[in-house]
Amino acid sequence: MTSILDRPKVVIVGAGFGGITAARALAGKPLDVLILDRNNYHLFTPLLYQVGSGLLDPSEIAQPVRSILRGPHNLRFRMATVEQVDLPNRTLITDHGRIGYDYLILAAGSSNHYFGNQALSERTHNLKDLDAALELRNAVLSRFEEAHWERDVIRKRSLLTFAIIGGGPTGVEYAGALSELISLVIRRECWDVDLSDVRIVLLEGSGRLLAAFNSDLATYADKKLKLKGIEIWYDALVQDASEGELITADGRSLSTGTVIWTAGVKASGLGHGLGGEGRSGALKVEPTLQLPGHPEVFVVGDIAAVEQDGAQLPMLAPVAMQEAKHAARNLSALAQRRNLRVFRYRDKVILATIGRNAAVAEFGSVRLHGFVGWVTWLLVHLLLIVSLRSRLIVVVNWAWDYFFYDRPVRLILRARAEPIWLPKPGQSRHAGSGASAEAPQKQTMAERSLGPPGATTGSPRRP
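All of the points below concern the structure found in this document.

Procedures and definitions
- Residues numbered from 1 in each chain as written.
- Predicted model: local features only at pLDDT ≥ 70, side-chain atom pairs only at ≥ 80, totals over all residues.
- Heavy atoms only, no water.
- Helix = DSSP H or I, 4+ residues; strand = E, 2+ residues; numbered from the N terminus.
- Buried < 20%, exposed > 50% of the residue type's maximum accessible area, 1.4 Å probe, protein only.
- Areas by Shrake-Rupley, 256 points an atom, 1.4 Å probe, with all protein chains shown as cover.
- Contact = heavy atoms within 4.5 Å.
- Salt bridge = Lys/Arg side-chain N within 4 Å of Asp/Glu carboxyl O.
- Pairing = 2+ DSSP bridges.
- Axes fitted to C-alpha atoms, helices over the stretch in contact; angles between N-to-C directions.

**What about the overall build of the chain?**
Part 1 of the argument: Per the secondary structure count, the chain includes 12 helices and 28 strands.
Part 2 of the argument: Out of the 463 residues belonging to the chain, those deemed buried represent 50%.
Part 3 of the argument: Total accessible area on the chain stands at roughly 22,300 Å², and carbon and sulfur atoms take up 53% of it.

**Describing the side chain of N397**
Part 1 of the argument: In this fold, N397 is placed in helix α11 (residues 388-404).
Part 2 of the argument: Filtering out sequence-adjacent residues up to four positions away, N397 remains in contact with L55, L56, E60 and P408.

**Here's the deal with the pattern of salt bridges**
Part 1 of the argument: Overall, the coordinates contain 17 salt bridges when judged by the stated rule.
Part 2 of the argument: With a closest N to O distance of 2.9 Å, R143 and E146 form a salt bridge. Of the two residues, R143 and E146 both sit in helix α5 (residues 130-149), three residues apart, roughly one turn of that helix.
Part 3 of the argument: On the accessibility criterion, E146 (29% relative accessible area) is partly exposed.
Part 4 of the argument: R157 is paired through a salt bridge with D197; the nearest N and O atoms lie 3.4 Å apart. Of this pair, R157 sits in helix α6 (residues 153-159) while D197 sits in the loop between α7 (169-189) and β13 (199-203), and the two are 40 residues apart along the sequence.
Part 5 of the argument: Members of the salt-bridge network, linked through shared partners, are E180, K228, R356, D401 and R407.

**Some thoughts on the sheet that holds strand β27 (residues 358-363)**
Part 1 of the argument: Read across the open sheet, the three strands follow the order β26-β27-β28; overall the sheet is antiparallel. A strand with exactly one partner marks an edge of an open sheet, and here the two such strands are β26 (350-355) and β28 (366-369). Taking the axes of each pair of neighbouring strands and ignoring which way they run, one obtains an average angle of 5° across the sheet.
Part 2 of the argument: Two elements, β27 and β28, share four bridges in a ladder whose sense is antiparallel. By the bridge assignment, V360 is partnered in β28 with H369.

Put into structure tokens, the structure is as follows:
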């Protein structure tokens, strides 16, 4: 049997949809696979807005990476932040040291894109990760707590005005969810707050919602949102966000206590300088998903600029998953010196929900809306959730909300930002009782955590 130390070393950067799919596709292969991510969990990002609106708990849409990879002995995980890719030396520079690789799959995802507007990045909430979703939930619930005490009518109206920037799927879904949280749940509990002061304003920079969808479905979404009392501002490019006020490029202003950014994402900065860039900073790749000039590097998901039929594929989970499966197959073929295949994306359904009994779905020429679209949305999302446990809990919470008009997770949480105390590198927790505080380091932190030299650090095998 081949020792794991003699197998080609594969490193996957990112434990999102692309990274986890690639790891699963390489399970059991004669490869030593290491997954790196700055978080120890895989996040089901399409439901982040439900954490931000008090419907789901973080544990219901996040799964520890190690539990997902449990079983195959060739898969390992380490929590680390990858700071740079050293392509000539086939090395990753991380906050825990340097890690070598024979093959690399970059699935580092994306981050919020504020188009250079510093004010928006500093003064808006977002729905890109768990921390941000919890922060948004805290902010929304806190606005109503503050409104109980506020006596100034103008300030109270500003506190209870929620601005959502971006009319894509995330913006539309959060607007609908926030409206239902307020009208179906908070209304019954905050009876001494005049909810006629509440405004939800959705600002879209173009002339329509849901640009990726058929125009008839976008019109349906517009109608349903307005029936929920949501204001929609079209052609509203936000130019500035000062304290308590938004200013659009055409001079409109909105006094608001909470601003949510859903208007754009860009590829992870990890790809900067590694090659040619496409839209939103994504790395241009070969048709086989390899980085030009570096056949040992595959790029998938939001960080990959894959051209098909003259256009770059969108930053969507189904795209990342299909790319990851294909990259894993091609990587295995490359390791075995077999021919690689060109990637071709097969269109999957795109969906957005507007609230209970209302959603839009489109796949190919088939377009669904209303209750049928909503049921389709429910089923597709349940199938994509990683664990059976999470699926069951999510179903229970959805049912509870549907039948009892109640959101079970409405806690305002305050967590300490930093650990109370940690020993310095080389310092024992018992240093004060006689242990050496400056013990020499015989191994780097990466070497200690990743096993014996040669397992993933040091000089990798050259295929």
